[in-house]
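# Remarks on the overall topology
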Amino acid sequence: MSAPAAVDYAQFPPELQAPIKKYEDFIDNRLQPDLQNTLALRDTIYNRISEYLKLKTHIQTIKEQGLEELETKVDLGSNFYAKAFVPDTTYIFVNVGFGFHLQMTLSEADAFIDDKVKHLERLADKHTDEANEIRAKIKMVYGALMEAMNLAK
């Protein structure tokens, strides 16, 4: 629901001007930022899911092709790549969270990724639900504001 156009508070009785302004400020300064933060958190989680799924694809490729060593390019950030050589693909290091990386076999990493993706999807769903609740609150407050403005005329 889009925000109402700029409101001329002088058209309303003095006793309604302050509450109308208060609710508009609540939407603009509290609910909208909360919504943006929740959606940003959810997008960050979706990016992490994407990274884990890419790793899972690479693991499957290594398994299917029976690669014992690997030559690849590694993204160092900002799409800047460097060549990398992995002499033994028996073990890989997986980011398990909180800045920790754990050495795992390919099968262990595959199982870990499945569990981690399920967990992250539940977390993303939680943020989606929170965003929907915030949207409903915004819509409810806008509806109440419109009703109050119409009654005051």
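Preceding block: the structure.
Residues numbered from 1 in each chain as written. Predicted model: local features only at pLDDT ≥ 70, side-chain atom pairs only at ≥ 80, totals over all residues. Heavy atoms only, no water.

## Thoughts on a negative patch on the surface
Condition: Patch members must show over 30% relative accessible area and no salt bridge, and they are joined within 9 Å when carrying like charges or within 5 Å when they are nonpolar side chains of Val, Leu, Ile, Met, Phe, Trp or Tyr. A 1.4 Å probe and the Shrake-Rupley method give the accessible areas. Residues count as covered only by the protein chains that appear here. Counted as salt bridges are all cases of a side-chain nitrogen of Lys or Arg within 4 Å of a carboxyl oxygen of Asp or Glu. Working convention for charge: Lys and Arg count positive, Asp and Glu count negative, and His plus the chain ends are omitted. A charge is said to be at NZ when it belongs to Lys, at CZ for Arg, at CG for Asp and at CD for Glu. Counting from the N terminus, the helices are the DSSP runs of H or I reaching at least four residues and the strands are the DSSP runs of E reaching at least two.
Taken together, the side chains of Glu68, Glu69, Glu71 and Asp88 define an acidic patch exposed on the protein surface. With respect to the secondary-structure elements, glutamate 69 resides in the loop between α1 (14-65) and β1 (70-75).

## Description of a nonpolar patch on the surface
The condition is simple: Any residue under 20% of the maximum accessible area for its type is buried, any over 50% is exposed, and the rest in between are partly exposed; the area is computed with a 1.4 Å probe on protein chains only.
A cluster of nonpolar residues, Val74, Leu76 and Phe80, forms a patch on the protein surface that exposes about 300 Å² of accessible area. Tracing the backbone shows leucine 76 in the loop between β1 and β2 (81-86). On the basis of relative accessible area, leucine 76 is assigned to the exposed category, the value being 55%.

## Let's talk about the packing of aromatic side chains
The criterion, for reference: Within 6.5 Å between ring centres, the rings of Phe, Tyr and Trp (the latter by its six-membered ring) count as paired, and their orientation is classed by plane angle as stacked under 30 degrees, edge-to-face over 60, tilted in between.
Scanning the entire structure with this criterion turns up one aromatic pair. Ring centres 6.3 Å apart and planes at 65° place the aromatic pair tyrosine 52 and phenylalanine 112 in the edge-to-face group. With a gap of 60 residues between them, tyrosine 52 in helix α1 and phenylalanine 112 in helix α2 (residues 106-152) connect regions that are remote in the sequence.

## Brief notes about unusual backbone geometry
Residue asparagine 79 is not a glycine yet carries a positive backbone phi of 55°. The topology assignment puts asparagine 79 in the loop between β1 and β2. Of note in this structure, phenylalanine 98 is not a glycine but carries a positive phi near 55°. Within the secondary structure, phenylalanine 98 is located in the loop between β3 (91-97) and β4 (100-105). Overall, phenylalanine 98 belongs to the exposed group, its relative accessible area being 83%.

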